[in-house]
Amino acid sequence: MDDRDRAASILLPPERGRHGENPDGSAIPAQLEGDEELLSRIARPEDVEIRVRPAADGRWLLTIAGADQRGLLSLVAGLLTASGIVILYGRMTTRRGRATQPGSPGLVKILDLFEVETQEAADNAAFWPSFAAELKALAGKAAHGELDNARQGIIDRICAVMKRHQSPAKTLLPVSIRFDNDSSETMTVLHLHSEDTPGFLFSFANALAMLEINIESAEVVTSGGEVRDTFWVQDLGRRKITSPEKLQQLRAACALIKQFTYLLPRSANPGLALRQFGDLVNQMLFQPEWVHDLGSIRSHRVLNNIAALMGVSRFLWEDFLRMQYENLFPMISDPTLLEKSLGREDFLAELGAELEAVSGDEERVAVLNSFKDRHMFRIDLQHITHHIGDIRFSTELSELAEVVVEQMALLC
(Lines give C-alpha, C1' and ligand atoms only; values in the text may rest on other atoms or scores of the structure.)
Protein backbone atom coordinates (compact mmCIF):
# COMPACT_ATOMS: atom_id res chain seq x y z
CA MET A 1 0.00 0.00 0.00
CA ASP A 2 1.51 3.35 -1.00
CA ASP A 3 1.13 6.62 0.92
CA ARG A 4 -1.89 7.74 -1.11
CA ASP A 5 -3.75 4.51 -0.30
CA ARG A 6 -2.87 4.89 3.39
CA ALA A 7 -4.11 8.49 3.46
CA ALA A 8 -7.39 7.42 1.87
CA SER A 9 -7.88 4.69 4.47
CA ILE A 10 -7.56 7.09 7.42
CA LEU A 11 -11.19 8.17 7.20
CA LEU A 12 -13.73 5.35 6.93
CA PRO A 13 -17.55 5.26 6.87
CA PRO A 14 -19.44 5.12 10.19
CA GLU A 15 -19.18 1.79 11.97
CA ARG A 16 -22.48 0.09 12.68
CA GLY A 17 -21.06 -2.70 14.81
CA ARG A 18 -21.58 -3.73 18.40
CA HIS A 19 -21.25 -1.47 21.39
CA GLY A 20 -19.81 -2.17 24.81
CA GLU A 21 -20.38 -0.44 28.11
CA ASN A 22 -18.36 2.08 30.12
CA PRO A 23 -17.63 1.48 33.81
CA ASP A 24 -20.45 3.95 34.56
CA GLY A 25 -22.91 1.99 32.42
CA SER A 26 -22.96 4.33 29.38
CA ALA A 27 -22.57 2.89 25.89
CA ILE A 28 -19.18 2.93 24.17
CA PRO A 29 -17.97 1.53 20.86
CA ALA A 30 -16.66 -2.02 20.97
CA GLN A 31 -13.32 -2.98 19.45
CA LEU A 32 -14.01 -2.19 15.81
CA GLU A 33 -13.68 -4.91 13.22
CA GLY A 34 -10.52 -4.42 11.18
CA ASP A 35 -8.64 -2.39 13.77
CA GLU A 36 -6.56 -5.41 14.77
CA GLU A 37 -5.41 -5.53 11.13
CA LEU A 38 -3.65 -2.18 11.69
CA LEU A 39 -1.20 -3.97 13.98
CA SER A 40 0.00 -6.18 11.12
CA ARG A 41 1.34 -3.05 9.39
CA ILE A 42 3.59 -2.17 12.34
CA ALA A 43 7.04 -3.59 11.62
CA ARG A 44 9.41 -0.87 12.86
CA PRO A 45 9.56 1.35 15.98
CA GLU A 46 8.67 4.45 13.95
CA ASP A 47 5.57 2.91 12.31
CA VAL A 48 2.15 4.37 13.17
CA GLU A 49 -1.22 3.55 11.63
CA ILE A 50 -4.38 5.58 12.18
CA ARG A 51 -8.03 4.93 11.38
CA VAL A 52 -10.90 7.37 11.94
CA ARG A 53 -14.64 6.79 11.74
CA PRO A 54 -17.38 9.37 12.23
CA ALA A 55 -19.81 8.42 14.99
CA ALA A 56 -23.12 9.79 16.24
CA ASP A 57 -23.61 13.30 17.64
CA GLY A 58 -20.53 14.74 15.94
CA ARG A 59 -18.15 12.35 17.67
CA TRP A 60 -15.32 10.36 16.13
CA LEU A 61 -13.86 6.92 16.70
CA LEU A 62 -10.07 7.13 16.48
CA THR A 63 -7.80 4.07 16.46
CA ILE A 64 -4.02 4.36 16.68
CA ALA A 65 -1.64 1.42 16.23
CA GLY A 66 2.10 1.67 16.68
CA ALA A 67 5.21 0.20 18.22
CA ASP A 68 5.34 0.50 21.99
CA GLN A 69 8.18 2.90 22.67
CA ARG A 70 9.07 5.16 25.56
CA GLY A 71 7.05 8.35 25.54
CA LEU A 72 4.63 7.43 22.74
CA LEU A 73 1.54 7.71 24.97
CA SER A 74 2.60 11.20 26.06
CA LEU A 75 2.99 12.22 22.40
CA VAL A 76 -0.44 10.84 21.50
CA ALA A 77 -2.06 12.55 24.49
CA GLY A 78 -0.17 15.77 23.82
CA LEU A 79 -1.14 15.94 20.15
CA LEU A 80 -4.79 15.23 20.98
CA THR A 81 -4.83 18.12 23.45
CA ALA A 82 -2.85 20.43 21.17
CA SER A 83 -5.30 19.72 18.32
CA GLY A 84 -8.29 20.67 20.47
CA ILE A 85 -9.55 17.07 20.58
CA VAL A 86 -11.50 16.12 23.71
CA ILE A 87 -11.18 12.49 24.82
CA LEU A 88 -14.55 11.13 25.95
CA TYR A 89 -13.34 7.57 26.23
CA GLY A 90 -10.00 5.90 25.67
CA ARG A 91 -8.79 2.32 25.83
CA MET A 92 -5.05 1.76 25.47
CA THR A 93 -3.62 -1.78 25.24
CA THR A 94 -0.19 -3.34 24.75
CA ARG A 95 0.32 -6.35 22.48
CA ARG A 96 3.45 -8.52 22.52
CA GLY A 97 4.29 -10.04 19.16
CA ARG A 98 6.27 -13.15 18.36
CA ALA A 99 10.01 -12.96 17.80
CA THR A 100 11.01 -12.80 14.14
CA GLN A 101 14.36 -14.45 14.88
CA PRO A 102 15.34 -17.09 17.46
CA GLY A 103 16.51 -15.46 20.67
CA SER A 104 15.25 -11.99 19.73
CA PRO A 105 12.27 -10.36 21.42
CA GLY A 106 9.15 -9.72 19.38
CA LEU A 107 8.10 -6.15 18.60
CA VAL A 108 5.80 -4.84 21.32
CA LYS A 109 2.87 -2.95 19.84
CA ILE A 110 0.11 -0.69 21.11
CA LEU A 111 -3.50 -0.43 19.98
CA ASP A 112 -5.38 2.62 21.29
CA LEU A 113 -9.08 3.27 20.74
CA PHE A 114 -10.56 6.69 21.47
CA GLU A 115 -14.01 8.20 21.26
CA VAL A 116 -13.42 11.94 20.82
CA GLU A 117 -15.08 15.27 20.09
CA THR A 118 -13.66 17.98 17.84
CA GLN A 119 -15.56 20.68 16.00
CA GLU A 120 -12.77 21.45 13.57
CA ALA A 121 -12.77 17.95 12.07
CA ALA A 122 -16.35 18.40 10.84
CA ASP A 123 -15.47 21.69 9.11
CA ASN A 124 -12.04 20.79 7.73
CA ALA A 125 -11.59 17.76 5.47
CA ALA A 126 -7.80 17.94 5.91
CA PHE A 127 -7.97 17.78 9.72
CA TRP A 128 -7.52 14.04 10.23
CA PRO A 129 -4.92 13.48 7.46
CA SER A 130 -2.93 16.38 8.94
CA PHE A 131 -3.26 14.89 12.44
CA ALA A 132 -2.08 11.49 11.17
CA ALA A 133 0.92 12.97 9.38
CA GLU A 134 1.96 14.93 12.46
CA LEU A 135 1.65 11.93 14.77
CA LYS A 136 3.76 9.83 12.41
CA ALA A 137 6.42 12.53 12.35
CA LEU A 138 6.44 12.70 16.17
CA ALA A 139 6.68 8.92 16.50
CA GLY A 140 9.56 8.92 14.03
CA LYS A 141 11.45 11.46 16.13
CA ALA A 142 10.88 9.41 19.29
CA ALA A 143 12.05 6.23 17.58
CA HIS A 144 15.30 7.93 16.60
CA GLY A 145 16.12 9.18 20.10
CA GLU A 146 14.56 12.64 19.71
CA LEU A 147 11.73 12.26 22.23
CA ASP A 148 12.45 15.54 24.02
CA ASN A 149 12.54 17.38 20.70
CA ALA A 150 9.22 15.81 19.72
CA ARG A 151 7.63 16.91 23.02
CA GLN A 152 8.92 20.46 22.73
CA GLY A 153 7.19 20.88 19.41
CA ILE A 154 3.72 20.46 20.88
CA ILE A 155 4.08 21.89 24.41
CA ASP A 156 3.37 25.50 23.40
CA ARG A 157 0.27 24.37 21.53
CA ILE A 158 -0.95 22.40 24.55
CA CYS A 159 -0.54 25.47 26.72
CA ALA A 160 -2.41 27.64 24.21
CA VAL A 161 -5.37 25.29 24.61
CA MET A 162 -5.05 25.53 28.39
CA LYS A 163 -5.00 29.32 28.22
CA ARG A 164 -8.37 29.31 26.48
CA HIS A 165 -9.96 27.54 29.45
CA GLN A 166 -11.57 29.58 32.19
CA SER A 167 -9.18 30.72 34.90
CA PRO A 168 -9.37 28.22 37.75
CA ALA A 169 -10.88 29.07 41.11
CA LYS A 170 -8.61 29.59 44.10
CA THR A 171 -9.16 26.11 45.46
CA LEU A 172 -7.35 22.86 44.86
CA LEU A 173 -8.96 19.97 43.04
CA PRO A 174 -10.03 16.95 45.07
CA VAL A 175 -8.14 13.95 43.70
CA SER A 176 -9.00 10.37 44.57
CA ILE A 177 -6.13 7.91 44.01
CA ARG A 178 -6.51 4.20 44.74
CA PHE A 179 -4.12 1.28 44.14
CA ASP A 180 -5.19 -2.32 43.59
CA ASN A 181 -2.59 -5.08 43.70
CA ASP A 182 -5.12 -7.92 44.01
CA SER A 183 -7.07 -7.81 40.74
CA SER A 184 -4.13 -8.71 38.51
CA GLU A 185 -1.33 -11.22 39.05
CA THR A 186 1.21 -9.21 37.09
CA MET A 187 0.12 -5.55 37.18
CA THR A 188 -0.73 -2.82 39.65
CA VAL A 189 -4.04 -1.11 38.93
CA LEU A 190 -4.21 2.63 39.60
CA HIS A 191 -7.65 4.26 39.82
CA LEU A 192 -7.82 8.06 39.58
CA HIS A 193 -10.98 10.17 39.91
CA SER A 194 -10.97 13.95 39.65
CA GLU A 195 -12.13 16.97 37.67
CA ASP A 196 -11.09 16.98 34.03
CA THR A 197 -8.06 19.17 33.24
CA PRO A 198 -6.48 19.55 29.79
CA GLY A 199 -2.94 18.29 29.48
CA PHE A 200 -3.10 15.92 32.45
CA LEU A 201 -2.66 12.67 30.50
CA PHE A 202 0.32 14.20 28.65
CA SER A 203 2.02 15.32 31.89
CA PHE A 204 1.14 12.10 33.74
CA ALA A 205 2.61 9.84 31.06
CA ASN A 206 5.83 11.91 31.10
CA ALA A 207 6.09 11.67 34.89
CA LEU A 208 5.59 7.89 34.91
CA ALA A 209 8.40 7.55 32.39
CA MET A 210 10.68 9.51 34.76
CA LEU A 211 9.64 7.23 37.62
CA GLU A 212 10.57 4.22 35.42
CA ILE A 213 6.99 2.93 35.34
CA ASN A 214 5.40 1.39 32.25
CA ILE A 215 1.74 1.89 31.39
CA GLU A 216 0.68 -1.48 30.03
CA SER A 217 -2.98 -0.59 29.54
CA ALA A 218 -5.26 2.30 30.37
CA GLU A 219 -8.90 3.27 30.31
CA VAL A 220 -9.88 6.95 30.30
CA VAL A 221 -13.49 8.00 30.80
CA THR A 222 -14.64 11.65 30.77
CA SER A 223 -18.19 12.42 31.82
CA GLY A 224 -19.83 15.51 33.29
CA GLY A 225 -16.53 17.37 33.58
CA GLU A 226 -14.96 14.55 35.60
CA VAL A 227 -12.45 11.87 34.68
CA ARG A 228 -12.30 8.31 35.93
CA ASP A 229 -8.99 6.95 34.71
CA THR A 230 -7.61 3.46 35.26
CA PHE A 231 -3.99 2.57 34.53
CA TRP A 232 -2.47 -0.92 34.59
CA VAL A 233 1.23 -0.37 35.35
CA GLN A 234 4.46 -2.29 35.93
CA ASP A 235 8.05 -1.44 36.76
CA LEU A 236 10.81 -1.79 34.16
CA GLY A 237 11.24 -5.44 35.14
CA ARG A 238 7.61 -6.12 34.19
CA ARG A 239 6.62 -6.62 37.83
CA LYS A 240 3.89 -5.24 40.03
CA ILE A 241 4.70 -2.11 42.00
CA THR A 242 4.55 -3.27 45.60
CA SER A 243 7.22 -1.14 47.29
CA PRO A 244 5.49 1.28 49.72
CA GLU A 245 8.01 3.96 48.78
CA LYS A 246 7.36 3.53 45.04
CA LEU A 247 3.60 3.54 45.56
CA GLN A 248 3.93 6.71 47.62
CA GLN A 249 6.00 8.31 44.86
CA LEU A 250 3.34 7.34 42.35
CA ARG A 251 0.58 8.78 44.53
CA ALA A 252 2.58 11.99 44.95
CA ALA A 253 3.15 12.28 41.20
CA CYS A 254 -0.58 11.87 40.49
CA ALA A 255 -1.63 14.53 42.99
CA LEU A 256 1.12 16.97 42.08
CA ILE A 257 0.58 16.75 38.33
CA LYS A 258 -3.18 17.06 38.60
CA GLN A 259 -2.93 20.21 40.74
CA PHE A 260 -0.17 21.73 38.66
CA THR A 261 -1.88 21.30 35.29
CA TYR A 262 -5.00 22.81 36.86
CA LEU A 263 -3.09 25.97 37.83
CA LEU A 264 -0.81 26.07 34.78
CA PRO A 265 -2.90 28.60 32.77
CA ARG A 266 -2.10 31.18 35.46
CA SER A 267 1.61 31.02 34.68
CA ALA A 268 3.06 33.90 32.68
CA ASN A 269 4.67 31.39 30.31
CA PRO A 270 2.84 28.03 30.54
CA GLY A 271 5.05 26.46 27.87
CA LEU A 272 8.23 27.16 29.81
CA ALA A 273 6.58 26.05 33.06
CA LEU A 274 5.43 22.75 31.57
CA ARG A 275 8.88 22.08 30.10
CA GLN A 276 10.47 22.53 33.50
CA PHE A 277 7.77 20.75 35.48
CA GLY A 278 9.38 17.36 34.87
CA ASP A 279 12.52 18.62 36.59
CA LEU A 280 10.48 19.41 39.70
CA VAL A 281 8.82 15.99 39.79
CA ASN A 282 12.14 14.25 39.31
CA GLN A 283 13.91 16.43 41.88
CA MET A 284 11.24 16.41 44.58
CA LEU A 285 10.24 12.75 44.54
CA PHE A 286 13.81 11.57 45.08
CA GLN A 287 14.67 13.87 47.99
CA PRO A 288 15.01 12.24 51.45
CA GLU A 289 12.33 14.56 52.86
CA TRP A 290 10.04 14.45 49.84
CA VAL A 291 7.04 13.26 51.88
CA HIS A 292 7.23 16.40 54.02
CA ASP A 293 7.79 18.51 50.92
CA LEU A 294 4.70 17.04 49.27
CA GLY A 295 2.56 18.10 52.19
CA SER A 296 3.81 21.66 51.74
CA ILE A 297 3.64 21.78 47.98
CA ARG A 298 -0.04 20.89 47.79
CA SER A 299 -1.21 24.25 49.12
CA HIS A 300 -2.66 26.65 46.57
CA ARG A 301 -0.24 29.49 47.38
CA VAL A 302 2.78 27.21 47.09
CA LEU A 303 1.66 25.81 43.73
CA ASN A 304 1.12 29.33 42.44
CA ASN A 305 4.66 30.23 43.52
CA ILE A 306 6.04 27.20 41.69
CA ALA A 307 4.04 27.95 38.54
CA ALA A 308 5.32 31.53 38.62
CA LEU A 309 8.90 30.42 39.19
CA MET A 310 8.86 27.89 36.36
CA GLY A 311 6.97 30.10 33.94
CA VAL A 312 9.07 33.27 34.18
CA SER A 313 12.75 32.50 34.54
CA ARG A 314 14.67 29.50 33.25
CA PHE A 315 17.79 30.91 34.95
CA LEU A 316 16.05 31.14 38.33
CA TRP A 317 14.52 27.69 37.98
CA GLU A 318 17.88 26.13 37.13
CA ASP A 319 19.32 27.84 40.21
CA PHE A 320 16.55 26.32 42.29
CA LEU A 321 17.41 22.81 41.10
CA ARG A 322 21.18 23.35 41.14
CA MET A 323 21.66 25.08 44.49
CA GLN A 324 20.84 23.51 47.85
CA TYR A 325 17.35 22.29 47.01
CA GLU A 326 16.79 21.48 50.66
CA ASN A 327 17.56 25.10 51.60
CA LEU A 328 15.66 26.82 48.82
CA PHE A 329 12.47 24.75 48.95
CA PRO A 330 11.31 26.30 52.27
CA MET A 331 11.17 29.71 50.55
CA ILE A 332 8.57 28.34 48.18
CA SER A 333 6.71 26.16 50.65
CA ASP A 334 6.45 28.86 53.36
CA PRO A 335 4.87 31.95 51.73
CA THR A 336 5.56 34.05 54.86
CA LEU A 337 9.27 33.97 53.96
CA LEU A 338 8.43 35.75 50.72
CA GLU A 339 6.74 38.58 52.58
CA LYS A 340 9.87 39.56 54.54
CA SER A 341 12.03 42.44 53.34
CA LEU A 342 15.64 42.72 54.52
CA GLY A 343 17.98 45.71 54.58
CA ARG A 344 21.72 46.26 54.79
CA GLU A 345 21.88 45.80 58.57
CA ASP A 346 19.89 42.55 58.33
CA PHE A 347 22.28 41.20 55.70
CA LEU A 348 25.36 42.18 57.72
CA ALA A 349 24.04 40.56 60.90
CA GLU A 350 23.03 37.29 59.19
CA LEU A 351 26.21 36.96 57.14
CA GLY A 352 28.40 37.90 60.09
CA ALA A 353 26.89 35.14 62.22
CA GLU A 354 27.38 32.57 59.45
CA LEU A 355 31.01 33.57 58.86
CA GLU A 356 31.83 33.38 62.57
CA ALA A 357 30.61 29.78 62.65
CA VAL A 358 33.35 28.58 60.26
CA SER A 359 37.12 28.82 60.04
CA GLY A 360 39.45 28.87 57.08
CA ASP A 361 39.33 30.87 53.87
CA GLU A 362 37.71 28.17 51.73
CA GLU A 363 34.88 27.66 54.24
CA ARG A 364 34.25 31.41 54.46
CA VAL A 365 34.13 31.76 50.67
CA ALA A 366 31.66 28.87 50.48
CA VAL A 367 29.46 30.53 53.14
CA LEU A 368 29.60 33.84 51.33
CA ASN A 369 28.59 32.30 47.98
CA SER A 370 25.78 30.32 49.56
CA PHE A 371 24.51 33.45 51.31
CA LYS A 372 24.62 35.44 48.06
CA ASP A 373 22.84 32.77 46.01
CA ARG A 374 20.18 32.17 48.65
CA HIS A 375 19.20 35.81 48.97
CA MET A 376 19.38 36.52 45.24
CA PHE A 377 16.95 33.65 44.75
CA ARG A 378 14.65 34.98 47.50
CA ILE A 379 14.60 38.53 46.07
CA ASP A 380 13.99 37.30 42.52
CA LEU A 381 11.20 35.00 43.70
CA GLN A 382 9.60 37.82 45.71
CA HIS A 383 9.62 39.97 42.60
CA ILE A 384 8.12 37.46 40.14
CA THR A 385 5.42 36.48 42.65
CA HIS A 386 4.57 40.17 43.15
CA HIS A 387 5.42 40.27 46.86
CA ILE A 388 7.65 43.28 46.19
CA GLY A 389 7.65 45.96 43.49
CA ASP A 390 10.41 47.21 41.21
CA ILE A 391 11.77 49.80 43.66
CA ARG A 392 12.04 47.39 46.59
CA PHE A 393 13.50 44.75 44.25
CA SER A 394 16.30 47.00 43.00
CA THR A 395 17.00 48.46 46.47
CA GLU A 396 17.29 45.10 48.21
CA LEU A 397 19.38 43.57 45.43
CA SER A 398 21.74 46.59 45.54
CA GLU A 399 22.13 46.36 49.31
CA LEU A 400 22.83 42.64 49.06
CA ALA A 401 25.51 43.30 46.43
CA GLU A 402 27.16 45.96 48.58
CA VAL A 403 27.32 43.67 51.61
CA VAL A 404 28.68 40.72 49.60
CA VAL A 405 31.39 42.82 47.89
CA GLU A 406 32.33 44.48 51.21
CA GLN A 407 32.68 41.14 53.02
CA MET A 408 34.65 39.62 50.15
CA ALA A 409 37.06 42.56 50.24
CA LEU A 410 37.55 42.03 53.98
CA LEU A 411 38.24 38.34 53.43
CA CYS A 412 40.80 39.18 50.74
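In the block above lies the structure referred to throughout.
Definitions and limits used
Residues numbered from 1 in each chain as written. Predicted model: local features only at pLDDT ≥ 70, side-chain atom pairs only at ≥ 80, totals over all residues. Heavy atoms only, no water. Helix = DSSP H or I, 4+ residues; strand = E, 2+ residues; numbered from the N terminus. Buried < 20%, exposed > 50% of the residue type's maximum accessible area, 1.4 Å probe, protein only. Contact = heavy atoms within 4.5 Å. Areas by Shrake-Rupley, 256 points an atom, 1.4 Å probe, with all protein chains shown as cover. Pairing = 2+ DSSP bridges. Core = buried A, V, L, I, M, F, W, Y, C linked by side-chain atoms within 4.5 Å.

## Here's the deal with the overall build of the chain
Broken down by element type, the chain carries 16 helices and 10 strands. Taken across its 412 residues, the chain has 50% of its residues classed as buried. Intrachain contacts of the chain at a sequence separation of at least 6 include 70% that bridge at least 24 residues. With the model as given, the accessible surface of the chain reaches about 19,600 Å², and the carbon-plus-sulfur share is 50%.

## So, the pairing of strand β4 (residues 59–67)
Here β4 lies mainly inside the structure; eight of its nine residues are buried. The pairing of strand β3 (residues 48–54) with β4 spans seven bridges and is antiparallel. Looking across to β4, one finds that Glu49 is bridged to Ala65. Bridge count for β4 against strand β6 (residues 108–117) is nine bridges, and the pairing is antiparallel. By the bridge assignment, Thr63 is partnered in β6 with Leu113.

## Quick look at unusual backbone geometry
Not every positive phi belongs to a glycine, and Arg238 is a case in point at roughly 60°. A residue is classified by how much of its surface remains accessible, and Arg238, at 36% relative accessible area, is partly exposed.

## Considerations on the environment of Arg364
By secondary structure assignment, the location of Arg364 is in helix α15 (residues 361–384). Of the residues examined, Arg364 reaches a relative accessible area of 27% and is grouped as partly exposed. For the pair Arg364 and Leu411, spaced 47 residues apart in sequence, the C-alpha separation works out to 8.1 Å. Those residues within four positions of Arg364 in sequence are excluded, and the remaining contacts are Leu355, Val358, Ser359 and Leu411.

## Quick look at the nonpolar core
Counting residues in hydrophobic clusters, the biggest one holds 60 residues, and the most contacted among them are Ile50, Leu62, Phe114, Trp128 and Phe131. Discounting chain neighbours no more than four positions away, the residues touching Phe114 are Trp60, Leu61, Leu62, Ile64, Val76, Leu80, Ile87, Tyr89, Gly90 and Met92. Leu351, Ile379, Val403 and Val404 belong to the second largest nonpolar core, which has 13 residues in total.

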